[in-house]
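Structural overview
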Amino acid sequence: MIKTTAMLLEELKTYASPKTKLSRMVAQGELTQVTRGIYETDRNAAAYLLAGSIYGPSYISFDYALAKYGMIPEAVYTITSATFEKKKKKLYETPFGTFSYRDVPSSVFPLGQELLREEDRWYRIAVPEKALCDKLFTLPPVANQKELQALLLDDLRIDETGLLALNEGLISEFSGLYGSTNVTRFAKLLRRWKNESRD
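Just so you know, these numbers come straight off a predicted model, no measurement behind them.

**As for the side chain of T32**
As for its placement among the helices and strands, T32 is situated in strand 2 (residues 32–35). Sequence-distant contacts of T32, that is, excluding residues within four places in its chain, are made with I38, Y39, E40, R43, P95 and F96.

Structure below.
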């Protein structure tokens, strides 16, 4: 369970020196300091369950979400999350792993997220369509659909079957909110692929 310094000092207020007791608990392994002011009581907690507590508001997205959904073949060890209006990327190296955070447009931030429960914890993650749109938003704009197709299939190595399984309506809904050439082109490319697959 994640606990802040304030929460722990309140719990330890009966000790003569709550701060000393807190330091001792960390030294003895009862608590693990995740980042400044944030502690975890379970040293075996899955890293992605901590992402929203480290920096927020945020939700897991980009490469980590795509890998979790099996859309890209590579294992991703950095927990990648989306934020909004933070203006700069954030990177945290912790005992649980590396966490990175970067902005997506505020207009699209609240859309396409799921709140999931695991190990008595809640965490937010982008649905597959949103995770891919977030990823495309971060990449340099491609010149045409042919380049986008190469980006998706060759560079990101996303399986075409997985792309065809995506919800075309969701992608179309998101596409107008990113202000991104890549996302707009992807909505059109996916529509074309789906129409061809129906023929």
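**Topic: unusual backbone geometry**
Cis geometry is found at the peptide bond from G56 to P57, where omega equals 0 degrees. Relative to the assigned elements, P57 resides in the loop between helix 3 (51–54) and strand 4 (59–60). Within the chain, F62 stands out as a residue other than glycine whose phi angle is a positive 55 degrees. Relative to the helices and strands, F62 resides in helix 4 (residues 62–68). One non-glycine residue, E85, lies in the positive phi region at around 55 degrees. Looking at the secondary structure, you find E85 in the loop between strand 5 (79–83) and strand 6 (90–94). Of the residues examined, E85 reaches a relative accessible area of 51% and is grouped as exposed.

**Some details on the side chain of Q113**
Within the secondary structure, Q113 is located in strand 8 (residues 113–118). Setting aside anything within four residues of it in sequence, one finds Q113 in contact with Y59, R124, I125 and A126.

**Thoughts on the pairing of strand 9 (residues 121–126)**
Consecutive side chains of a regular strand alternate in pointing toward one face of the sheet and then the other. When strand 8 meets strand 9, the two strands line up antiparallel, connected through six bridges. In the strand pairing of strand 9, L116 is matched with Y123. The turn joining strand 8 and strand 9, which pair antiparallel and follow one another in sequence, is formed by two residues; a positive phi near 50 degrees is taken by E119.

Definitions and cut-offs
- The residue numbers shown here count from 1 along each chain, following its written sequence.
- Whole-chain, interface and lining totals are the exception, using all residues; otherwise, since this is a predicted model, local features are given only for residues with pLDDT of at least 70 and side-chain atom pairs are given and counted only at 80 or more.
- Note: side-chain values were computed over all heavy atoms of the structure, leaving out hydrogens and water.
- The helix and strand labels rest on DSSP assignments: H or I over at least four residues marks a helix, E over at least two residues marks a strand, and numbering proceeds from the N terminus.
- Should any heavy atoms of two residues lie within 4.5 Å, those residues are counted as being in contact.
- For every residue, the accessible area obtained with a 1.4 Å probe (protein chains only) is divided by the maximum for its type, and the residue is called buried under 20%, exposed over 50%, and partly exposed between those limits.
- Each pair of strands is called paired provided DSSP finds at least two bridges between the two strands.

The analysis is restricted to geometry; functional conclusions fall outside its scope.
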